[in-house]
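So the chains spell out like this:
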Amino acid sequence: MSRLDVTEKIVAAKVSKGLKWADVAQQVGLSKEWVTAACLGQMTLTAAQADLVGQIFGLSKEDSKWLTVVPYKGSLPTAVPTDPLIYRFHELVSVYGTTFKELIHEEFGDGIMSAIDFKMELTREADPKGDRVRIVMSGKYLPYKTY
């Protein structure tokens with residue numbers, strides 16, 4: 001048994017039960033973005049959260065315990081993603097990464113945007129030419145320190 005095995009059980013139960021990530025998140029009491037990441041093996045749940053997620057997906061107590069283990073972050077099977085949707089994010093960073101870097105440094109100075117102190121919201125944006133995906137990301141700015 002591993003964290004990956006539990007992730008696969010969660011995804012199978014989600015499909016079997018016809019669940020939506022937003023509904024799972026509402027039951028857990030956190031954002032759909034964070035709860036989805038946790039259920040897909042990228043975040044650590046508390047024991048209480050893991051028990052609740054276990055109940056939602058019909059996991060055993062042993063399975064639920066795996067959800068409290070700090071995961072190995074980064075779940076892509078290849079360096080360059082082959083899934084078309086995920087590849088577009090890779091492409092986005094390839095094309096706009098230097099722009100993000102330049103504009104963040106110009107606005108804040110030499111530092112990074114945290115992916116640890118981070119939040120994200122994904123919503124549908126209606127558009128007469130075809131709906132759009134709206135992703136708002138907010139990460140704490142962390143300046144490099146001198147020593």
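Residues numbered from 1 in each chain as written. Predicted model: local features only at pLDDT ≥ 70, side-chain atom pairs only at ≥ 80, totals over all residues. Heavy atoms only, no water.

A. A look at the pattern of salt bridges. Within the structure shown, the criterion is met by five salt bridges. Between K9 and D63 there is a salt bridge whose closest N-O contact spans 2.9 Å. Linking K9 in helix 1 (residues 3-17) with D63 in helix 5 (residues 61-66), this pair joins segments that are 54 residues apart in sequence. R88 is the salt-bridge partner of E91, the closest N and O atoms lying 3.5 Å from each other. Here E91 and its partner R88 are both found in helix 6 (residues 84-108), three residues apart, which amounts to about one turn of the helix. (Salt bridge = Lys/Arg side-chain N within 4 Å of Asp/Glu carboxyl O. Helix = DSSP H or I, 4+ residues; strand = E, 2+ residues; numbered from the N terminus.)

B. Molecular detail of the pairing of strand 1 (residues 111-125). As paired strands, strand 1 and strand 2 (residues 132-143) are joined by eleven bridges and run antiparallel to one another. The partner of K119 across the bridge, within strand 2, is S138. Linking two consecutive strands that pair antiparallel, namely strand 1 and strand 2, is a turn of six residues; a positive phi of about 130° is found at G130 within it. (Pairing = 2+ DSSP bridges.)

C. Representation of the side chain of Q42. If you trace the backbone, Q42 turns up in the loop between helix 3 (32-39) and helix 4 (47-57). Here G74 takes part through its backbone nitrogen, which lies 2.7 Å from a polar atom of the side chain of Q42. In this view, Q42 contacts R3, A37, P71, Y72, K73, G74 and S75; residues no more than four positions away in its chain are not counted. (Polar contact = N/O pair within 3.5 Å; in protein donor to acceptor, adjacent residues only side chain to side chain. Contact = heavy atoms within 4.5 Å.)

D. Geometry of the nonpolar core. Counting residues in each nonpolar core, the largest one holds 17 residues, and the members touching the most others are I10, C39, V53, F57 and L67. Put simply, the parts of the chain that give this core at least two residues each are helix 1, helix 2 (21-28), helix 3 and helix 4. If we ignore the near neighbours within four places in the chain, the residues touching C39 are T7, I10, W21, V53 and F57. (Core = buried A, V, L, I, M, F, W, Y, C linked by side-chain atoms within 4.5 Å. Buried < 20%, exposed > 50% of the residue type's maximum accessible area, 1.4 Å probe, protein only.)

E. Local environment of helix 6. Within helix 6, the axis deviates most sharply at Y96, by approximately 60°. Structurally, the start of helix 6 carries an N-cap: the backbone nitrogen of L85 is 3.0 Å from a side-chain oxygen of D83. (Bend = angle between axes of the 7 residues up to and from the residue.)

F. How the structure looks around the packing of helix 2 against helix 3. Direction vectors running N to C along helix 2 and helix 3 enclose 100°, while the axes themselves pass 8 Å from each other. By the angle between their directions, the pair helix 2 and helix 3 is classed as roughly perpendicular. For the pair formed by helix 2 and helix 3, the contact residues are W21, A22, V24, A25 and V28 on the first element and K32, V35, T36 and C39 on the second. Of the residues in the contact of helix 2 with helix 3, the class split is seven nonpolar, one polar and one charged. (Axes fitted to C-alpha atoms, helices over the stretch in contact; angles between N-to-C directions. Parallel < 35°, antiparallel > 145°, perpendicular 65-115°, else oblique. Nonpolar A, V, L, I, M, F, W, Y, C, P; charged D, E, K, R; others polar.)

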